Amino acid sequence: MVRVTTPGVRLLPNAITVLALCAGLSAVQFALTKNFAMAIASIGIAAVLDSLDGRIARLLDATSKMGAELDSLSDGISFGVAPALVIYVWQTGADRIGWVASLIFAVCMILRLARFNTLLDDTEQPAYASEFFVGVPAPAGGLLGMLPLVAYLQWGEGWWSSQYVVWAWTIAIAALLISRIPTLSLKTVKAPAKAIAPLLLGVALLAAAIIQFPLVALLAAMILYLAHIPYAVYRHRWLAAHPEAWTVPPRERRAIRRASPRRLGLRRPLRRRVAGAAMRAVRLPRTGEPMRTPRETSQNGNGQRRRSWRQIGLRRK
């Protein structure tokens, strides 16, 4: 069956991308009027719209080269330029270091998007590469860069609102953007049929938490995202070492992981080595020697018990 797409429908993904761009630019306007809560909300709305435009384009078979370029431009402004300017405006009276940190963040975001576009044309990647991003993706990086501002709005002044802490955090997130650290991609996550009802309940609870405690929910989401990075690195390395698990479903992957002999990371005990007090109690025999008990090892050749220097109370020279 051939799907016919009308010209009006083909404009829908690009329209959503333009809305995301407008939301990101509006964050700067809200920051200039000192309305930082709305600035954070605008970048959050831009992140939601950015996650929808690509999926809608694929569902409607309305993907185009113009849409891909427009999406990259929107991401660079909404999650690179806008968060950097919001943080800079928040730190009123910031010195030159603050502007340098803002420039570094924006430039790293643009470089991250340029590398992402080049990796799309790479056909030599392994089968599991689609499950990971290279570095922190643009929407997550833009929100993570404003973590000190979110903490300030929730708890007020503190060490998290210090200028040097804010700029150090901004540069650290910029480094994560252009790093080679793998992070999980939600685009390839598939939920089983029996998990649909619990997931819908979780979505309802998440929506209630965002409505009642928006800043706390955003803080928790960002901290959980940072906490998942070590697991993503472990999973990436495990898949790279097990090619047989690249194209199998998750249930078979778990079976392969459980069958791995080094799953717990334990090593075989070293031969002929006994640690601690056990070394004095039992001496492992050399090759060809019979095993001797502790009583036999404490006797001399005539069968008489040999007195230890510890029992006599003398110090060993």
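Predicted model, so just to flag it, every value in this text is computed and none were measured.

Asker: Can you walk me through the overall build of the protein chain in this structure?
Answerer: Of the regular secondary structure elements, the protein chain holds 14 helices and 2 strands. Put simply, 74% of the contacts in the protein chain that link residues at least 6 apart link residues at least 24 apart. Surface accessibility of the protein chain: about 21,200 Å² in total, with carbon and sulfur atoms responsible for 65%.

Asker: Whenever I open this one, the pattern of salt bridges confuses me. Can you help?
Answerer: Pairing between side chains becomes possible if they bear opposite charge and their charged atoms approach one another. Across all of its chains, the model carries 1 salt bridge by this definition. Arg235 is paired through a salt bridge with Glu131; the nearest N and O atoms lie 3.2 Å apart. In this pair, Arg235 sits in helix α10 (residues 229–241) while Glu131 sits in the loop between α4 (96–120) and β1 (132–134), placing the two residues 104 residues apart along the sequence. Arg235 sits in the partly exposed class, given a relative accessible area of 23%. Judged by its relative accessible area of 12%, Glu131 is buried.

Asker: I'm lost on a positive patch on the surface in this one. Help?
Answerer: A contiguous patch of positive charge on the surface is contributed by Lys194, Arg251, Arg254 and Arg258. Among the structural elements, Arg251 can be located in helix α11 (residues 250–259).

Asker: Quick question: what am I supposed to make of the environment of Ile229 here?
Answerer: Checked against the element boundaries, Ile229 lands in helix α10. On the basis of relative accessible area, Ile229 is assigned to the buried category, the value being 11%. Ile229 sits 47 residues away from Pro182 along the chain, and the two C-alpha atoms are 7.4 Å apart. Not counting chain neighbours up to four residues away, the residues in contact with Ile229 comprise Ile181, Pro182 and Thr183.

Asker: Explanation requested: the side chain of Ser179 in the structure shown.
Answerer: Looking at where Ser179 falls in the secondary structure, it is placed in the loop between α7 (163–177) and β2 (182–184). Once residues within four sequence positions are removed from consideration, Ser179 is found in contact with Arg115, Val134 and Gly135.

Asker: Teacher, can you tell me more about empty space enclosed by the protein here?
Answerer: Counted according to the given criterion, the structure contains 1 cavity of 30 Å³ or more. Along the walls of the largest cavity sit Pro83, Ala84, Ile87, Phe105, Gly145 and Thr170, which together make up its complete lining. Ranked by the residues each element gives to the lining of the largest cavity, the list is headed by helix α3 (residues 65–90), at 3 residues. Looking at side-chain class alone, the lining of the largest cavity contains 4 nonpolar, 2 polar and no charged residues.

Asker: What is the right way to read the UniProt feature "transmembrane region" (unreviewed entry) in the protein chain from this model?
Answerer: Sites flagged by UniProt as "transmembrane region" (unreviewed entry) map to residues 12–30, 73–91, 97–120, 132–153, 159–178 and 199–227. Helix makes up 95% of residues 73–91 and strand 0%, with an end-to-end C-alpha separation of 26 Å. Helix and strand shares over residues 159–178 are 75% and 0% respectively, and the end C-alpha atoms of the span are 27 Å apart.

Asker: Sorry if this is basic, but what is going on with the packing of aromatic side chains here?
Answerer: The relative placement of two aromatic rings is captured by the distance of their centres and the angle of their planes. If you walk through the whole model with that rule in mind, you get 5 aromatic pairs. Each ring, one from Tyr88 and one from Trp99, has its centre 5.2 Å from the other, and the planes form 70°; the classification is edge-to-face. Of this pair, Tyr88 sits in helix α3 while Trp99 sits in helix α4, and the two are 11 residues apart along the sequence. The class for Tyr88 is partly exposed, based on a relative accessible area of 27%. Owing to a relative accessible area of 37%, Trp99 belongs among the partly exposed residues under this scheme. Judged by centre distance (5.7 Å) and plane angle (70°), the rings of Trp159 and Trp160 are edge-to-face.

Asker: Sorry, what's going on with a nonpolar patch on the surface here?
Answerer: Together, Val100, Ile104 and Ile171 make up an exposed nonpolar region whose accessible area comes to about 210 Å². By secondary structure assignment, the location of Ile171 is in helix α7. According to the relative accessible area criterion, Ile171 is partly exposed, its value standing at 37%.

Scoring rules and cut-offs
- Residues numbered from 1 in each chain as written.
- Predicted model: local features only at pLDDT ≥ 70, side-chain atom pairs only at ≥ 80, totals over all residues.
- Heavy atoms only, no water.
- Helix = DSSP H or I, 4+ residues; strand = E, 2+ residues; numbered from the N terminus.
- Contact = heavy atoms within 4.5 Å.
- Areas by Shrake-Rupley, 256 points an atom, 1.4 Å probe, with all protein chains shown as cover.
- Salt bridge = Lys/Arg side-chain N within 4 Å of Asp/Glu carboxyl O.
- Buried < 20%, exposed > 50% of the residue type's maximum accessible area, 1.4 Å probe, protein only.
- Patch = residues over 30% accessible without salt bridge, like charges linked within 9 Å, V, L, I, M, F, W, Y side chains within 5 Å.
- Lys, Arg positive; Asp, Glu negative; His and termini not counted.
- Charge placed at Lys NZ, Arg CZ, Asp CG, Glu CD.
- 1 Å grid on protein atoms, 1.4 Å probe; cavity = no way out; pocket = protein on both sides within 12 Å on 5 of 7 lines; lining within 4 Å.
- Points joined across faces, edges and corners; volume = space filled by probe spheres on them.
- Nonpolar A, V, L, I, M, F, W, Y, C, P; charged D, E, K, R; others polar.
- UniProt positions renumbered as here; feature names shortened; annotations may be inferred.
- Phe/Tyr/Trp six-rings, centres within 6.5 Å; stacked < 30°, edge-to-face > 60°.

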